[in-house]
Every structure is written in structure tokens, then in C-alpha cells.
Amino acid sequence: MKVIIAEKPSLGRTIATAISKSQNINALNNKGYITVGDYIVTYAYGHLLTLQDMDNYFGKKIKWNENLPFYPNPFKFRLKKDKGVKEQFNLIRALINDNKTDEIICAGDADREGEVIVRLILRFGLKDRSKHITRLWLPDQTDKTIVTQLNQRKADSEYNNLYNEGVARMYVDWLIGINLTRDVSSKANSLLNIGRVICPIVIEIYNRQVAIEHFIPEKYYAVESNVNGLKLSLKDKKDKFELNENDKINLICNDLNSNKGIVTDIQTRDVEKQSPKLFSLSKLQGFCGKKFKLKPAETLSVVQNLYEKGYVTYPRTNTEYLSENEKQTVIHLLEVHDKNNVLIFKDSKRIFDDSKIESHSALMPTDKIADYDSFSLNEKKVYQAIFARFNAVFWKEPCIVTETEATIHVGRQFPNDLKVKGQAVKSKGWMRVYGDEAVDKAIPLLSINQVLDVDFKPVEKKTQPPKPYTVESLGNWMVHPFKKVNDTEDDEYKALLSGCEIGTEAARSGIIDKAIQTGYISLNDNVYSVEDKGRYMVEFLRKSNLDLTAQRTVELQKDLKKVYNSKITVDECVQNAIAFLNQYFENASNKEMPESQFKHEQESLGCCPWCNKSVYAFKSAKGLFFTHSKEDRENCSFSLYEKQKIFGAEYHFTNKKVEALLAHKLPKIELVSKSGAPYTAGLDILPEPHEFNGRKYPAFKTQLLNKK
């Protein structure tokens, strides 16, 4: 008897169905497993086992700022606290330990997480380690691929590198997440999720947004002429002139306009325009974010569904290339999908390149014909994007663009040979797939020695701030965080395959989604913004001298890649993470909460109505709060928060409003009368607090100012 352990029920049913069809036998459904011939197909529910929390090692709840840093040795696992998980684990354990079972086939998803999910079940459930264990590796989930791969399964030990990298990542992320989240949250008096990947993402968005906010546009003049649709721009050693250079600009414009322009040269050539490459997951997410406004996690969820339905290949891939041994697969796909004889097989290094592939090839459609009626709207959009890209890559008709470059001589005292470029689509080729992309960017028809009217004048412009991060640009940054201007594609892939990336294709979407749910960042209309809590977290990390920048994360990521490549062991990788944590915890400045957290960096806003001590503004993860210095707080608990409910209305305090309130200058508050009529009142604070359940709260009164 052969027991197949799938990662999830849906995959288990798909595998059982494929075996049933290939052997022409019926499958018998049982609770928790399916019997089909000599096979028993059972399944997990994703991760059944998880690392134990820190409290479990001590057998009790411990304060978050105690026993840090904490390094388990060994790490302990537990079943997830779910009745169904426990029942399924016990069922799988019974099946794999059955005396009739002579082979166990691991069928987790074809990545490190899939390997870890099934291996942990065997690690804690299998008694007889001598049993034959193999691996079912599925680049897609069509019936044909399942049967083929089942007949070609390899020893699971050949995938030890995936498992080792997977558990190393679990251990490293646990160490960093548990230790730093507990320590930083304790110091900040607020829950701050700290992680190896989430932090550099938030830091990068924060840095970009701060650069935009602090950007001061500079006005300048450009010298341009636009006559009869021909736009000419002065491109010299200096093509930007300061606003105080009026005399110089006028002198140049007068000279350029003193004679008409003369066409001195025209160069025309036909160029074959290459199609975009096949999709990696990040590239697909960027495309869908820009075109359909889908979040990365939404795109991943949709393409994962398409994979599980058998319509596309494995989605969590970091490459835009196919492997050399997939050429016959592509030829077969072209035969299946090319109904109009518009595609052709291309044996090109631009498509097939083993040196740019780690585990999985680029995304492609499978030979399963799409049933659009069964697709959701987003499934249709994402599938068509993948299908269109595949067609574009293998389109038979070449895309030919005629490029024209004309040289126009202008000026006397300040002579310039200005270049104008245009292009016209001669043969649409793969652009037909996308329809509206075949756009001409032509220039007016010109000829040698043609005389042209010109009218150069200064045009006031402004320097532009950096652009905010979008799904596409953030995705590109995470894949190539240290990309240089002169880097070739070979350089980029060499860095990527060495671990020079932020997170992995499999994890990024979930981590970005977590950053949004945590309140660190937001995503609106395809643009990322950092939120107040994200600002607070980044600034607190800096005050705490805690380095979780992209540079640090890449160092840790490279260690994980070294585990995958068998250059270091799991334990060595863990020890490197511990060394990083020790460096942080041994830093004397981190023993207490950073002083700057309690320092008031501005003047007192006024005197407390309870104790007459000064009140200052402070930042917190929940926004501003107004209270005493650390020393005075020990004797008086007076505080105001940025957002408070006052007389049933949400009131937003600012520095100026608190200053007015403490001076009894009656800052305005908008209220609603019992009859429902809105009115404006002046807010005042009482000298005595309101007491409730043993705690003291500020008490207010209002003074009517005017009716609306």
C-alpha cells in the first residue's frame, strides 16, 4: 500500500482523480482519505504543526520583557489548536505506520513550504524511519502531469535542501520575531510586530514617503520650441537654467531664433521589438496591480486557485525563464493553444535558460483549455494576462518598428544640433495580443536641407519629487533591492539566486498583507503609503539602534540560501541569527527604553489642571498623547489622547488645541443638541478629574459660542 500525503484536501482530490482516470478504477471517499487502487491519498490542512510560543517553554505566561533574549535548544513543535487538525494528524499517523504501508509519497506543494509541511508530519508521526519515502513534484496539476510525475517520483531525500532551508527560515523568523517583538513592544508600551521581512518593507516605504514630503521643488527654465507639431529642446552641457538667468536665456533664445532650423541629417532603420518575457510571480503581481488594481495577496490567491484547478503552472516562481528540458512541453502547448496558426516555437536563450532558474520555471498556461464560464472575474483577468504573455513570447509575426532620428541645426553664436526621434509600427507582431500597445510615436515628415520655422522661448518647469511606491515598483525593489544602474540581467539573476532579495516569492504577498492589516502601511489605488503606526515603528527602531534595514535582511536571506545550497548547516544559520540578536541585546543603550521616547522636544503646552506641572506632546503608535515628563508622571496621571470621545463626539486634539484648552481659551468643539441640531461650543477643562473604577480621567465642560 502506498500512502500519498497531499498538502491540502483539494490537491488530494485532484491526485486521486488523476490516478482514478489513468487506471480506469473508482476512487472510494473515506473520512480524511481517498482509496484508489493501491494508493491511499490523504492530506494535511497546510501546516498541521507549528513552533511553540515562548510561554510553552516555561509552562506559564511570562511577561514580555522577561527572559530575553530567549533561544530554544532544541526548538519545539506542537499541533495547531484545532480539533480537526488533531484528528487528521492522528489519521495520517495511523496510515503511515500501518504494516501494509510500504511507501510514503510526499505531495506538498512544489516548494520549501510544501516540503516542510509533509516532512514535519513524518518527523513527529512516523515510527519506522526505514520505510521508503518518495516525492511527488508537481509543476502543474493537470491529470497528465500528475500521472507522469507519479511514475517518475524520486527519493524524498533529494529534496533535503528545500526542507533544510524551510526549517532554517522557520527558526530564524521565530527567533527574530519573538525576541524583538516582545522587547520592542515592551519598551514602546504598544504592540509592534517586528520581523525579518516586514520591517525593511515598511522602512523602504517610509523612506520614500518622507523623501516626497520633504521634497522642495525647484523652479527652472528649459529652452524649447514647438512649431507645427515639431518639438525641439535645447540639450547642451546645461539644459536647465536658473530663474535668475533671464539675460542669458533671452540671449540664447534670440540667437536660436535668428535663423530658421535646417535638417542636416535623417537616419531611418527597422528594428525588431522584443516581446516582454514570461511572468514571474512578482512581475505578474506588478502587472495586475497596475492594470486591475489587485493587491499582491489577491493576485497570488487567484493564480493559486488557477494552479489548483490545473490551468497554469506553479505560481510561486522568481524567474521569467523556462528550463531547457521544457522545450517539448512548450511545443505541445503551442499545438494545443494555437488555433489560428499565429504562434511558433522559438528556441531562444531569451526564453530557455537554466542558469536563471532555481526551482520553478516562469508562469505558463497548461494544456487544459480555459473554461471561462467557471472563472470568477479576477480569475479570468489573471489567466488572460498569463495566456496573453505566453502568446506574445511565441508570436510568429515579428514586431517591426521603423525608428527615425533627424538632426536639426539651429543658432549662430550658440549653434546646436538638436535630435528628434520618432517611431512608426511597421509590423505589429506580438503587439496584436495587447491591441492598444501598437501606438505610433511619429515626427512630422522631414527631408534633408529642409528649412523649419522655430520659436524658442523659456518654459518654466519644476523638479519632480520621487514617485511613491506602487505594487509594481515595490515588487521590483524587493526582488532587486540593491540594483545598480549599469547592472545587466545576468547581474540581477546572479544576485537574486544568491539570496539578495527581500523575502521570497512565496512569502512577500502575505507579509505585505500583514503590514497592511497591522496598520503599518496602506494600499490605495495601487499606491503604498506609510501610516502613523508604521512611522512610529520605524522611528522607534532607529532610536533603539535596531538594524532591520534591507541590508541586514539580505544578510539573513543569503544565509538561508547558503543552507539551500548546502554551504552552511541549519544550525550555523541559526547561530548567525543569534549573533545578530546578541549584538542588539548586549548594546547598553537598549537595556532601558530609549530616553528620547520620553524627552519633550518642544516647549510646554501649558500647566496641568490637576497638579500645575507642565504638559508636553509625545508620539505613540496610536498617535499623539499629551502628558507630563517621565518624572512628573509618577505623581500625576493626567493625559489626553489625540482622538477622544467628548460629550459623544470624537474630538481631535492638536498641540494648539491642548495649549488653548489648558489656558482656558475655549477651543471650538462641534456638538449636536438633543433635538439633533448642530452647534459650536467652546471646550473647557475642569480643575478636578472624573473618577471611574479607581482611575482618574479629565473632566470637561462647554460654553455656548454661537448657533449654526
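Please read these numbers as outputs of a predicted model, since none were measured by experiment. (Residues numbered from 1 in each chain as written. Predicted model: local features only at pLDDT ≥ 70, side-chain atom pairs only at ≥ 80, totals over all residues. Heavy atoms only, no water.)

### Describing the sheet that holds strand S14 (residues 416-427)
Condition: Two strands pair if DSSP finds at least two bridges between them. Runs of H or I in DSSP of at least four residues are treated as helices and runs of E of at least two as strands, each being numbered from the N terminus.
The strand order across the open sheet formed by 4 strands is S14-S13-S12-S15, and the pairing between neighbours is antiparallel. Of all the strands in the sheet, the pair left with one neighbour each is S14 and strand S15 (451-452).

### A closer look at the environment of Pro458
What counts is decided by this rule: Relative accessibility decides the category of a residue: with a 1.4 Å probe and only protein chains considered, values under 20% of the type maximum give buried, values over 50% give exposed, and everything between is partly exposed. Contact criterion: two residues are considered in contact whenever any of their non-hydrogen atoms come within 4.5 Å of each other.
Residue position: Pro458 is located in strand S16 (residues 457-462). Residue classification places Pro458 among the partly exposed positions, given a relative accessible area of 32%. Residues Pro458 and Pro276, spaced 182 residues apart in sequence, show a C-alpha to C-alpha distance of 39 Å. If sequence neighbours within four positions are ignored, Pro458 has contacts with Tyr221, Ala222, Ile249 and Cys253.

### Describing the packing of aromatic side chains
Put simply, the rule reads: Geometry of aromatic contacts follows a simple scheme: Phe, Tyr and Trp rings, the Trp one being its six-membered ring, pair when their centres are within 6.5 Å, and the pair is stacked under 30 degrees between planes, edge-to-face over 60, tilted otherwise. The rule for a charge over a ring is simple: NZ of Lys or CZ of Arg within 6 Å of the ring centre, and within 35 degrees of the ring normal.
For the structure on display, the rule yields 29 aromatic pairs. Both rings, one in Phe77 and one in Phe124, keep their centres 5.5 Å apart while their planes meet at 50°; by these two values the pair is tilted. In this pair, Phe77 sits in strand S6 (residues 77-79) while Phe124 sits in helix H4 (residues 112-125), placing the two residues 47 residues apart along the sequence. Both rings, one in Phe618 and one in Phe625, keep their centres 5.5 Å apart while their planes meet at 25°; by these two values the pair is stacked. Assigned by exposure class, Phe618 and Phe625 land together as buried. Taken together, the ring pairs in this structure connect Tyr57, Phe58, Phe70, Phe75, Phe77, Phe124, Tyr171 and Trp174 into an aromatic cluster. Here Lys356 stacks its cationic end above the ring of Tyr321, 5.3 Å away from the centre of that ring. Taking the ring centre of Tyr651 as reference, the NZ or CZ of Lys657 above it sits at 4.9 Å.

### Brief notes about the packing of H4 against helix H6 (residues 160-188)
Operational definition: A fitted line through C-alpha atoms serves as each axis, taken over the contacting stretch for helices, and the angle formed by two N-to-C directions is quoted from 0 to 180°. Each angle is binned into one of four classes, with values under 35 degrees roughly parallel, values over 145 roughly antiparallel, values of 65 to 115 roughly perpendicular, and all other values oblique. Amino acids are sorted into nonpolar (Ala, Val, Leu, Ile, Met, Phe, Trp, Tyr, Cys and Pro), charged (Asp, Glu, Lys and Arg) and polar (every other residue, Gly among them).
Across the interface, H4 lies against H6 with an axial gap of 8 Å and an inter-helix angle of 90°. Here H4 lies roughly perpendicular to H6, going by the angle between them. The segment H4 lies against H6, with Arg112, Glu113, Glu115, Val116, Arg119, Leu120 and Arg123 engaging Asn160, Leu162, Tyr163, Glu165, Gly166, Val167, Arg169, Met170 and Tyr171. Of the residues that constitute the contact of H4 with H6, the class distribution is 7 nonpolar, 2 polar and 7 charged.

Just geometry here; none of it tells us what the structure is for.
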